[in-house]
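Results of the structural survey
Spelled out, the chains give:
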Amino acid sequence: MAKTVLITGASQGSGKATALLFARNGYDVVLAARQPDRLETVAQEIQSLGRSALAISTDMGDFQQVQTLVNKALQTFGNIDILINNAGICLTAPMEKTSLSDWQKIMDTNFWGYVYAIQAILPHFLERNTGTIINVGSIGGKMPLPQMTAYCASKYAITGLTESLRLELFPKGIQVCAVHPGVINSNFMERAMFRGGDESETEARRQQMSKLLESSWVSKPEDIANAIWDAVQNKRSEVVVGPTFLATEAYRLFPGLMQWVMSQNVK
Ligand SMILES: NC(=O)c1ccc[n+]([C@@H]2O[C@H](COP(=O)([O-])OP(=O)(O)OC[C@H]3O[C@@H](n4cnc5c(N)ncnc54)[C@H](OP(=O)(O)O)[C@@H]3O)[C@@H](O)[C@H]2O)c1
């Protein structure tokens, strides 16, 4: 029987690249995201590779929808071998411009969405004494980033979730791994939120991020897909993707110095 992977945020960016990579390697794929048309396009690409794909429009911030996603996946394929928690959104804003509703939105998708998926799938993994959970985190879950407090809080929460759960599930045959990208040249700018003091400051933040995406050291969605594939194949517990590793290592070794350097650029 073919193995099955469930990927959230699979309609584009690194989620889509990961779905295609797993399909090319013989997996059937369950795809989740909110916009059904984009999901269906990815499902058709997978089917043209000769694999089965099930596209289920899901808001990961709603537990009932996530439970339905997992139930439908199990009804269709009988089993799920791998969960890839990847659906996420980005917010760049100083704290005083981050509304409570911004916080809610970020945490609903980036944190609760991951918890909901794990909660819904874990009984199945425990019953079979096997399974893999990959949580896509961020450089912002390994080191602080100025004016990204809500985003970093959501991603640090994923680091804590992943590291604690790994200890608990390892003896039960379940692998739990975090894959931390740096900056990915995906379409995340489409749904990234920017806040500033006024229109021009907000626009400046947006431009700054767009410029960053043109840098040569920025990862491609396929780099994240390859890192996830490698993490599954080699049962890794954590992967920091690409040159980001240098920054997170520097922060781990010299946190005070790095905080000082970063604070020099905060206006
Ligand atoms: N891009 C970066 O520079 C970067 C850097 C570090 C970490 N990451 C992390 O990497 C992951 C993927 O990023 P990406 O750049 O590939 O993103 P992306 O291109 O913006 O794609 C995000 C995916 O998540 C889905 N999504 C967003 N909110 C959702 C929700 N509430 N429910 C279900 N699906 C939802 C989107 O589809 P719908 O809108 O249709 O729902 C889309 O499929 C995220 O966890 C992100 O935080 C990204």
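Residues numbered from 1 in each chain as written. Predicted model: local features only at pLDDT ≥ 70, side-chain atom pairs only at ≥ 80, totals over all residues.

1. What about the sheet that holds strand 3 (residues 53-57)?
The strand order across the open sheet formed by seven strands is 3-2-1-4-6-7-9, and the pairing between neighbours is parallel. Unpaired on one side and paired on the other, strand 3 and strand 9 (238-240) mark the two borders of the sheet. Strand-to-strand twist across the sheet, computed as the mean angle between neighbouring axes with direction ignored, equals 15°. In this structure, strand 6 (residues 131-136) lies alongside strand 7 (residues 174-180), joined through six bridges in parallel fashion. Looking at strand 7, one finds that Ile134 is bridged to Cys177. Together, strand 1 (4-8), strand 2 (28-33) and strand 4 (82-85) form the strand contacts of helix 1 (residues 13-24), whose direction differs from that of strand 1 by roughly 170°. This element, helix 5 (residues 149-169), spans strand 6 and strand 7 of the sheet and lies at about 160° to strand 7. (Pairing = 2+ DSSP bridges. Helix = DSSP H or I, 4+ residues; strand = E, 2+ residues; numbered from the N terminus. Axes fitted to C-alpha atoms, helices over the stretch in contact; angles between N-to-C directions. Contact = placed C-beta atoms within 7 Å.)

2. Digging into the pairing of strand 6
Most of strand 6 is tucked away: six of the six residues are buried. Along strand 6, one buried face is formed by Gly131, Ile133 and Asn135 and the opposite face, lined by Thr132, Ile134 and Val136, is buried too. Note that strand 4 and strand 6 share four bridges and pair parallel. Counted as the bridge partner of Asn85 is Asn135 from strand 6. Regarding topology, helix 5 serves as the crossover connection from strand 6 to the parallel strand 7, and that connection is right-handed. (Buried ≥ 20, exposed ≤ 12 C-beta atoms within 10 Å, placed from the backbone. Right-handed = clockwise from strand over helix to strand, strands pointing away.)

3. A closer look at the site of the ligand
In the region of the ligand, 30 residues are neighbours, and Gly9, Gly13, Arg34, Gly88 and Phe188 sit closest. No other element matches helix 1, which puts three residues into the shell around the ligand. By residue class, the composition of the shell around the ligand is 10 nonpolar, 16 polar and four charged. (Near = placed C-beta within 6 Å. Nonpolar A, V, L, I, M, F, W, Y, C, P; charged D, E, K, R; others polar.)

4. Thoughts on the packing of helix 1 against helix 2 (residues 36-48)
As a packed pair, helix 1 and helix 2 sit with axes 9 Å apart at the nearest point and diverge in direction by 20°. The angle between helix 1 and helix 2 falls in the class roughly parallel. Considering only the axes of helix 1 and helix 2, their crossing is right-handed. For the pair formed by helix 1 and helix 2, the contact residues are Lys16, Ala19, Leu20 and Ala23 on the first element and Val42, Glu45 and Ile46 on the second. Here the residues of the contact of helix 1 with helix 2 are counted per class, giving five nonpolar, no polar and two charged. (Parallel < 35°, antiparallel > 145°, perpendicular 65-115°, else oblique. Left-handed = near helix turned anticlockwise from the far one by under 90°.)

5. Overview of the packing of helix 1 against helix 7 (residues 221-233)
Put simply, helix 1 and helix 7 touch, their axes get as near as 8 Å, and they point 55° apart. Between helix 1 and helix 7, the interaxial angle falls into the category oblique. As helix 1 runs across helix 7, the sense of the crossing is right-handed. Counted together, Gly13, Ser14, Lys16, Ala17, Thr18 and Leu21 of helix 1 and Pro221, Glu222, Ile224, Ala225, Ile228 and Trp229 of helix 7 form the full contact between these two elements.

6. Considerations on the nonpolar core
Of all hydrophobic cores here, the largest spans 61 residues; its most connected members are Ala19, Val29, Leu31, Ala117, Ile134, Val179 and Ile228. Of all the elements, helix 4 (residues 100-128) adds the most residues to this core, at seven residues. Not counting chain neighbours up to four residues away, the residues in contact with Val29 comprise Val5, Ile7, Ala19, Phe22, Ala23, Ile46, Arg51 and Ala53. Of all hydrophobic cores here, the second largest spans nine residues; its members include Leu91, Ala93, Ile106 and Met148. (Core = buried A, V, L, I, M, F, W, Y, C linked by C-beta atoms within 7 Å.)

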